[in-house]
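# Examination of the molecular architecture
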Amino acid sequence: QVQLVESGGGLVQAGGSLRLSCVISGSIGSINAMGWYRQAPGKQRDFVANIITGGGTNYADSVKGRFTISRDNAKNTVHLQMNSLKPEDTAVYLCNLLQNGYSSSHFGQGTQVTVSS
């Protein structure tokens, strides 16, 4: 069993910042990537960002230049620094783990981010 526990969500005004964290524990295999998705009410789950083991990051076009993903390998933790937040960033943010040759994908329960205008 793999557990992913997110924290750091909340309510913020447009233009503000939040920092999300995700701690991964349990039966962790060979990690390929750690990242974040988000899902707004009534919408599909969308990719936000990920960081690849050995280097490299990927971002959705909608967050490039505003969000920064980072990773603490020793603590199996991934962070998402979100700046210049917009109301359209409002969603549940879910942590994602890809491991074992990208054959295994896990999500956390999510943390709510609400950006008011």
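Data block above holds the structure.
Everything in this summary refers to the structure shown in the same document.

Cut-offs used in this document
Residues numbered from 1 in each chain as written. Predicted model: local features only at pLDDT ≥ 70, side-chain atom pairs only at ≥ 80, totals over all residues. Heavy atoms only, no water. Salt bridge = Lys/Arg side-chain N within 4 Å of Asp/Glu carboxyl O. Buried < 20%, exposed > 50% of the residue type's maximum accessible area, 1.4 Å probe, protein only. Pairing = 2+ DSSP bridges. Helix = DSSP H or I, 4+ residues; strand = E, 2+ residues; numbered from the N terminus. Axes fitted to C-alpha atoms, helices over the stretch in contact; angles between N-to-C directions. Phe/Tyr/Trp six-rings, centres within 6.5 Å; stacked < 30°, edge-to-face > 60°. Contact = heavy atoms within 4.5 Å. Polar contact = N/O pair within 3.5 Å; in protein donor to acceptor, adjacent residues only side chain to side chain.

## Notes on the pattern of salt bridges
One pass over the structure, following the stated rule, counts 3 salt bridges. Between Lys64 and Asp61 there is a salt bridge, and its shortest N-O distance comes to 3.2 Å. Residue Lys64 is classed as partly exposed on the basis of its relative accessible area, which comes to 49%. Take Asp61: its relative accessible area is 65%, and that puts it in the exposed class. Arg66 is the partner of Asp89 in a salt bridge, and the nearest nitrogen-oxygen pair spans 2.7 Å.

## A few points about the sheet that holds strand 7 (residues 67–72)
Strands sit in the order 1-3-8-7 across an open sheet of 4 strands; the sheet is antiparallel. Each edge of the open sheet carries a strand with a single partner, namely strand 1 (2–7) and strand 7. Sheet twist, expressed as the mean angle between neighbouring strand axes with direction ignored, is 15°. One ladder, built from 6 bridges, connects strand 7 with strand 8 (residues 77–82); its direction is antiparallel. Its bridge partner being in strand 8, Asp72 is matched across the sheet by Thr77.

## A few points about the packing of aromatic side chains
This structure, assessed with the given rule, holds 2 aromatic pairs. Judged by centre distance (5.6 Å) and plane angle (80°), the rings of Tyr37 and Phe47 are edge-to-face. Remark: Phe47 occurs in strand 5 (residues 45–52) and Tyr37 occurs in strand 4 (residues 31–39); sequence separation between them is 10 residues. Given a relative accessible area of 23%, Tyr37 falls into the partly exposed group. Relative accessible area serves as the criterion here: at 30%, Phe47 is assigned to the partly exposed category.

## Concerning the environment of Ala33
Within the secondary structure, Ala33 is located in strand 4. Each C-alpha atom of the pair Ala33 and Gly101 lies 9.8 Å from the other, and the pair is 68 residues apart in sequence. Ignoring any residue separated from it by four or fewer positions in sequence, one finds Ala33 in contact with Asn50, Ile51, Ile52, Thr53, Asn96, Leu97 and Leu98.

## Re unusual backbone geometry
Positive phi outside glycine occurs at Asn100, with the angle close to 55°. One can find Asn100 in the loop between strand 9 (91–99) and strand 10 (104–107). Located in the positive-phi region is Tyr102, a residue other than glycine, with phi close to 65°. Looking at the secondary structure, you find Tyr102 in the loop between strand 9 and strand 10. A relative accessible area of 47% places Tyr102 in the partly exposed class.

## Remarks on the side chain of Asn32
When you line up the elements, Asn32 lands in strand 4. Looking at Asn32, the relative accessible area reads 14%, which means it is buried. For Asn32, the side chain forms a polar contact with the main-chain nitrogen of Asn100, separated by 3.2 Å. Here Tyr102 takes part through its backbone nitrogen, which lies 2.8 Å from a polar atom of the side chain of Asn32.

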